[in-house]
Amino acid sequence: MSTNSKHVFSLIKGGLAETAFDSDKEFVGAAITDTRLMGVVTMSVHWYLPQNSKMTDFYQFFYFDAEEDGFETYSSILGSNSPEDYQKVIKSENSMSGGLGGSQISITEDEAKYILQNYVDFNTKNNIPLPPNYEEYSFMLSPKVNLTDSEKYLLMCKQCPTLDSPYQIINYFLMRCFGRDFDAAKFLTKGYVRTNLFPEHKAASLLKNVIEEFQDAVSGANTNYHQTDEDSFFETFSTNKSYMCESLIEYDGKYFLVITNITLEHLKVVKYEKVSIFRLSEAEASMITRRSEYITVTDIVPYAPEFTQETTALTAKSMVTDHEGGKLFMIFSPHNDHVKKKTFMLNDDVLGIYYLIEDNQLILASYSIEGIKTLESDLQDSYMADHVVPVSKYEFKEPVLFDFINSGFDDFEDFVDLISNQPPKK
């Protein structure tokens, strides 16, 4: 063989090197959370890649904020439809939608593209940058999808939970109005209802709302009767019920107490009236939202397994955040039934918190007795049950856990000793 001969090598592309751009995309399925009336939805889309030999399944995850941020977050997974990949998909879905308290509702390919296109338009109109990896989802932006009015209504219904309570309607309606999300607010109305009663205020969060049935000053009755038949002997009427609402809202660190009157016809808003609004100090707002906090303290024994997001059934869907002294696992309720309450509190969707201190102390916290009992049972049913030792239980008249997290203390008992010796706040 000649010493001058050259060997030519060709690179054969393996399946693991495949990307989502190497194949056409065939729609498999999509789902959206029924949380549109909370102002936020997440959407997941599954595509099959027929030209790929190994990486045949492409999953996309979208986070949309209807009030201010529009298309806020995007992530994806490219896999081979293995059990390991399936677990990655579940983890990604939980990470993005675990805090919303909603259910996943199936939607069509056109509906998924329509939703994405509308939020991309929202970002463009409001000069909001789109999330990274635009090239991964840009194929969904054309051609333009147009839905009929009835198709749009059906899609909105898919994004909303079952509406079966007057308090639920009122709380959702006020949430959307104060958030300046008027399209969603009008979904809850019948006939013409002016939704923008406070144009001078920015989009605000509804921190608390208290609903009382409105009593007529003359009759003392709540129900208004509207005669619909000229024959007064045989009265035919529709029944409207009125409610007085006291709402605490916040934006830009400013707090306002807003009084409104809302009239319902069955489960639709037919009248929305401004009564009064005045500003509150942060201290006054704190008094209104003050509530108890229940805390259980445990120590983790030496050589115990690591406490992670996979440790318990509840932590699997938790939102995890790192802090200077530990790691916080926030667990949300699997539903949004707190919106059906006569007294609505924004953070009632939080079931509880696990806070893992670096020095092997695990704190359980909740705003309710039921919540703290649920966390205790969750921990007891996990493999960590044999590796934790109960230390103490507390009921505080106002939340203290986040004060402890920001205090620099590395032992909750020492922190309690400090605050127990301090004079009460005025």
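The rules behind the values
- Residues numbered from 1 in each chain as written.
- Predicted model: local features only at pLDDT ≥ 70, side-chain atom pairs only at ≥ 80, totals over all residues.
- Heavy atoms only, no water.
- Helix = DSSP H or I, 4+ residues; strand = E, 2+ residues; numbered from the N terminus.
- Contact = heavy atoms within 4.5 Å.
- Polar contact = N/O pair within 3.5 Å; in protein donor to acceptor, adjacent residues only side chain to side chain.
- Core = buried A, V, L, I, M, F, W, Y, C linked by side-chain atoms within 4.5 Å.
- Buried < 20%, exposed > 50% of the residue type's maximum accessible area, 1.4 Å probe, protein only.
- Pairing = 2+ DSSP bridges.
- Axes fitted to C-alpha atoms, helices over the stretch in contact; angles between N-to-C directions.
- Parallel < 35°, antiparallel > 145°, perpendicular 65-115°, else oblique.
- Nonpolar A, V, L, I, M, F, W, Y, C, P; charged D, E, K, R; others polar.

**Student:** I'd like to hear about the environment of Asp-348, residue by residue, with values.
**Tutor:** Among the structural elements, Asp-348 can be located in the loop between strand E14 (343–345) and strand E15 (350–357). Residues Asp-348 and Tyr-367, 19 residues apart in the sequence, show an inter-C-alpha distance of 8.0 Å. Once you skip the residues sitting within four places of it in the chain, Asp-348 turns out to touch Arg-291, His-338 and Lys-341. Within polar-contact distance, the side chain of Asp-348 engages the side chain of Arg-291 at 2.4 Å.

**Student:** Help me get a handle on the nonpolar core, residues and values and all.
**Tutor:** One broad trend across soluble globular proteins is that nonpolar side chains are buried collectively. Of all hydrophobic cores here, the largest spans 34 residues; its most connected members are Ile-170, Phe-173, Leu-174, Phe-178, Ile-262 and Tyr-272. For this core, the elements supplying multiple residues, two or more each, are helix H5 (166–178), helix H6 (182–186), strand E6 (205–213), strand E8 (237–251), strand E9 (254–265) and strand E10 (268–280). By size, the runner-up hydrophobic cluster in this structure holds 27 residues, among which are Ala-20, Tyr-114, Ile-115 and Tyr-119.

**Student:** For the sheet that holds strand E1 (residues 26–33), give the residues involved together with the corresponding values.
**Tutor:** Spatial strand order, E4-E3-E2-E1-E5: five strands in an open sheet with antiparallel pairing. Bordering the open sheet on either side are strand E4 (70–79) and strand E5 (104–107), each of which pairs with just one other strand. Averaged over all adjacent pairs, the angle separating strand axes in this sheet is 20 degrees, with direction ignored. Looking at chain direction, E1 and strand E2 (residues 40–48) are connected through six bridges and run antiparallel. By the bridge assignment, Glu-26 is partnered in E2 with Tyr-48.

**Student:** An account of the packing of helix H2 (residues 109–125) against helix H4 (residues 149–158) is requested, with residue identities and associated values reported.
**Tutor:** Their axes nearest at 11 Å, the elements H2 and H4 cross at an angle of 85 degrees. One finds that H2 runs roughly perpendicular with respect to H4. Along its contact with H2, which presents Glu-111, Tyr-114 and Ile-115, the element H4 presents Lys-152, Leu-155 and Lys-158. In terms of residue class, the contact of H2 with H4 is built from three nonpolar, no polar and three charged.

Note that every value here comes from positions in space, so none of it alone points to a role or purpose.
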